[in-house]
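What follows is each chain in one-letter form.
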Amino acid sequence: MSDDNYILEIKNLSVQALIKDRHFNIINKINLSIPKEKTVAIVGESGSGKTITALSIIKLLEKNLKIKEGSIIFDSKDLTELSEEQIREIRGKEISFVFQEPMTALNPVVDIKTQITEILTKHNLCDEETAIKKAKEILTELSIPSSKINLYPHNFSGGQRQRILLAMALISEPKLLIADEPTTALDVVTQMEILDTIEKFKKEKKLSVILITHNFSIVSNYSEYTYVMYLGEIMEAGKTENIVKNPRHPYTKALLNSVIKMDNKNRLKSIKGSTPSISETPEGCRFINRCDYADEKCAKSPSEKITESGYYRCWNV
Ligand SMILES: Nc1ncnc2c1ncn2[C@@H]1O[C@H](COP(=O)(O)OP(=O)(O)OP(=O)(O)O)[C@@H](O)[C@H]1O
Ligand code: SF4
Ligand SMILES: [Mg+2]
């Protein structure tokens, strides 16, 4: 594929954290490409670096984190080189995001009409009257009666608030939507409604999507490509159907197993051990302490092996 087919390309990105006077590569040399009008899922256990990757794109990293190397190419511009003012022009307009916490992301003392329309008026995308019309349309599309547009966040349920956040993210017709666990706390019907709306925008408004989730059934149903992350690195990447049907990396297999297999008490079978803290990141393959296939080779960082639609990084499988 030529570069023109990607809306976003992350190349060799490392994010460094300063923790108690020491530096750690919290994200380590990752590459990630988002094809136009497709959904790319990022999956991995808690602490694998999914949110930090998303926040690096829109430059919302906390103060003790900084991009150490690499580039993030969006629409032929390297986002890592833009000033705060330049990135503010892109954030919310060309790249939108939805995060997990609907209550903290909405301002409790401002009505939703103001919150939704100001995305359009702030970026001078249209006048106020048109903005209100568009806000009503998108709320209706997300099953929220437009008559409720003057109400405040506390007047809505958790699922409705998440739909309002999605309305805010989509109203500017962005080129890229970053959805970080957008449906985790929601019931299945609301989950599907939100993900179906994103699908509709993908087709009708040429939207590309980064979908961060723990849920492999969401990955299977809603993404074309998948990146599997662990401890700040990409372990495996490729077309979703290949990854789900024929996972190669031991971590991907373990993740899929933890979804499929239940123990005799019907609990999810989890992967052995737990993700180490970033200050305990092992040398070589970062999965070494939890891997059934590990041997002495794994003390060195594995190189990429090519698959039918992507790659994985492991010495032994
Ligand atoms: N400001 C920070 N300073 C130091 N370490 C941080 C900071 N923010 C996040 N981390 C660490 O970086 C790692 C990756 O965090 P991140 O939030 O990206 O994980 P995640 O994959 O999104 O997890 P979850 O599924 O729980 O949301 C974690 O070990 C986390 O503790
Ligand atoms: S490189 Fe070694 S430790 Fe890492 S996943 Fe492969 S076998 Fe396991
Ligand atoms: Mg996260």
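Coordinates for the structure precede this section.
Nothing here was measured: the structure is a model prediction, and the numbers come from that model.

S.K.: Explain the overall build of the chain residue by residue, including any values.
M.R.: A count of helices and strands for the chain gives 10 helices and 12 strands. What you see for the chain is a C-alpha radius of gyration of 20 Å, in line with the 20 Å of a compact globule of 317 residues. Counting only C-alpha atoms, the chain reaches 65 × 50 × 40 Å along its principal axes. For the chain, buried positions account for 50% of its 317 residues. Contacts in the chain between residues at least 24 apart in sequence constitute 63% of all its contacts with a sequence separation of at least 6. If you sum the accessible surface of the chain, you get close to 15,500 Å²; carbon and sulfur atoms cover 49% of it. Both charge centroids of the chain, one from 44 positive and one from 43 negative side chains, sit 3 Å from each other.

S.K.: Just give me the short version of the site of ligand 2, but keep the residues and values in it.
M.R.: What surrounds ligand 2 is the set His249, Pro250, Cys285, Ile288, Cys291, Tyr293, Ala294, Cys298, Pro302, Cys314, Trp315 and Asn316. For ligand 2, the cavity whose grid points lie within 2 Å of the majority of its atoms is the largest cavity.

S.K.: Just give me the short version of the packing of helix α4 (residues 112–122) against helix α6 (residues 158–170), but keep the residues and values in it.
M.R.: In a pair of packed helices, the angle between the axes and the distance between the axes together describe the arrangement. Relative orientation of the contacting elements α4 and α6 amounts to 25 degrees, with a least axis distance of 8 Å. Taken together, α4 and α6 sit at an angle that is classed as roughly parallel. In this structure, α4 uses Ile112, Gln115, Ile116 and Ile119 to contact α6, whose residues at the interface are Ile164, Ala167 and Met168. Of the residues contributing to the contact of α4 with α6, the split by class is six nonpolar, one polar and no charged.

S.K.: Please set out the pairing of strand β3 (residues 39–43) residue by residue, giving values where relevant.
M.R.: Within β3, five of the five residues are buried, which leaves it mostly tucked inside the rest of the structure. Burial of the side chains of β3 extends over both faces: Thr39, Ala41 and Val43 are buried on one face and Val40 and Ile42 on the other. In this sheet, strand β8 (residues 208–212) lies alongside β3 in parallel orientation, the contact comprising four bridges. Along β8, the bridge assignment pairs threonine 39 with valine 209.

S.K.: Any chance you could break down the layout of surface pockets for me, citing the residues and the numbers?
M.R.: Approximately 470 Å³ is the volume attributed to the largest pocket. Along its surface, the largest pocket is lined by 17 residues, and Gly92, Phe97, Ile119, Lys122 and Met168 are the ones closest to its centre. Contributing elements (two or more residues each) for the lining of the largest pocket: β6 (95–98), α4 and α6. Its residues placed into classes, the lining of the largest pocket shows eight nonpolar, five polar and four charged. Estimated volume of the second largest pocket: approximately 320 Å³.

S.K.: An account of the sheet that holds β8 is needed here, citing residue identities and associated values.
M.R.: As summarised here, the arrangement of the eight strands in space is β6-β7-β8-β3-β9-β10-β12-β11, forming an open sheet in which the pairing is mixed. Pairing within the sheet leaves two strands with one partner each, and these edge strands are β6 and β11 (304–306). This sheet shows a mean twist of 20 degrees between the axes of neighbouring strands, independent of strand direction. Pairing geometry for strand β7 (residues 176–180) and β8, over five bridges, is parallel. Its bridge partner being in β8, isoleucine 178 is matched across the sheet by isoleucine 210. Of the strands in this sheet, β3, β7 and β8 are in contact with helix α7 (residues 188–205), which crosses β8 at around 155 degrees.

S.K.: How would you summarise the sheet that holds strand β2 (residues 22–35) if you had to cite specific residues and measurements?
M.R.: Spatially, β2-β1-β4-β5 is the arrangement adopted by the four strands of the open sheet, whose pairing is antiparallel. Only two strands of the sheet have a single neighbouring strand rather than two, namely β2 and β5 (77–78). Pairing analysis gives two bridges linking strand β4 (residues 65–74) to β5, with the strands arranged antiparallel. Looking across to β5, one finds that phenylalanine 74 is bridged to lysine 77. The sheet contacts of helix α1 (residues 50–57) involve β1 (6–19), β2 and β4, and relative to β1 the element is tilted by about 115 degrees.

S.K.: Explain unusual backbone geometry residue by residue, including any values.
M.R.: With a phi angle near 55 degrees, asparagine 124 is a residue other than glycine that sits in the positive phi range. Positionally, asparagine 124 belongs in the loop between α4 and α5 (128–141). On the basis of relative accessibility, which here comes to 68%, the residue asparagine 124 falls in the exposed class.

S.K.: Requested: an account of the site of ligand 1, with residues and values cited.
M.R.: Around ligand 1, the surrounding shell holds 15 residues, and the nearest of these are Ser46, Gly47, Lys50, Thr51 and Asn64. One nitrogen or oxygen atom from the side chain of threonine 51 is found 2.8 Å from an oxygen atom belonging to ligand 1. In this structure, a nitrogen atom belonging to ligand 1 sits 2.9 Å away from a side-chain N or O atom of asparagine 64. Isolated, ligand 1 exposes 640 Å² of accessible area, and the fraction of that covered by the protein chains is 72%.

Cut-offs applied
- Residues numbered from 1 in each chain as written.
- Chains lettered and ligands numbered in written order.
- Predicted model: local features only at pLDDT ≥ 70, side-chain atom pairs only at ≥ 80, totals over all residues.
- Heavy atoms only, no water.
- Helix = DSSP H or I, 4+ residues; strand = E, 2+ residues; numbered from the N terminus.
- Rg over C-alpha atoms; globule rule 2.2 N^0.38 Å.
- Buried < 20%, exposed > 50% of the residue type's maximum accessible area, 1.4 Å probe, protein only.
- Contact = heavy atoms within 4.5 Å.
- Areas by Shrake-Rupley, 256 points an atom, 1.4 Å probe, with all protein chains shown as cover.
- Lys, Arg positive; Asp, Glu negative; His and termini not counted.
- Charge placed at Lys NZ, Arg CZ, Asp CG, Glu CD.
- Near = heavy atom within 4 Å.
- 1 Å grid on protein atoms, 1.4 Å probe; cavity = no way out; pocket = protein on both sides within 12 Å on 5 of 7 lines; lining within 4 Å.
- Sits in = over half its atoms within 2 Å of the grid points.
- Axes fitted to C-alpha atoms, helices over the stretch in contact; angles between N-to-C directions.
- Parallel < 35°, antiparallel > 145°, perpendicular 65-115°, else oblique.
- Nonpolar A, V, L, I, M, F, W, Y, C, P; charged D, E, K, R; others polar.
- Pairing = 2+ DSSP bridges.
- Points joined across faces, edges and corners; volume = space filled by probe spheres on them.
- Polar contact = N/O pair within 3.5 Å; in protein donor to acceptor, adjacent residues only side chain to side chain.

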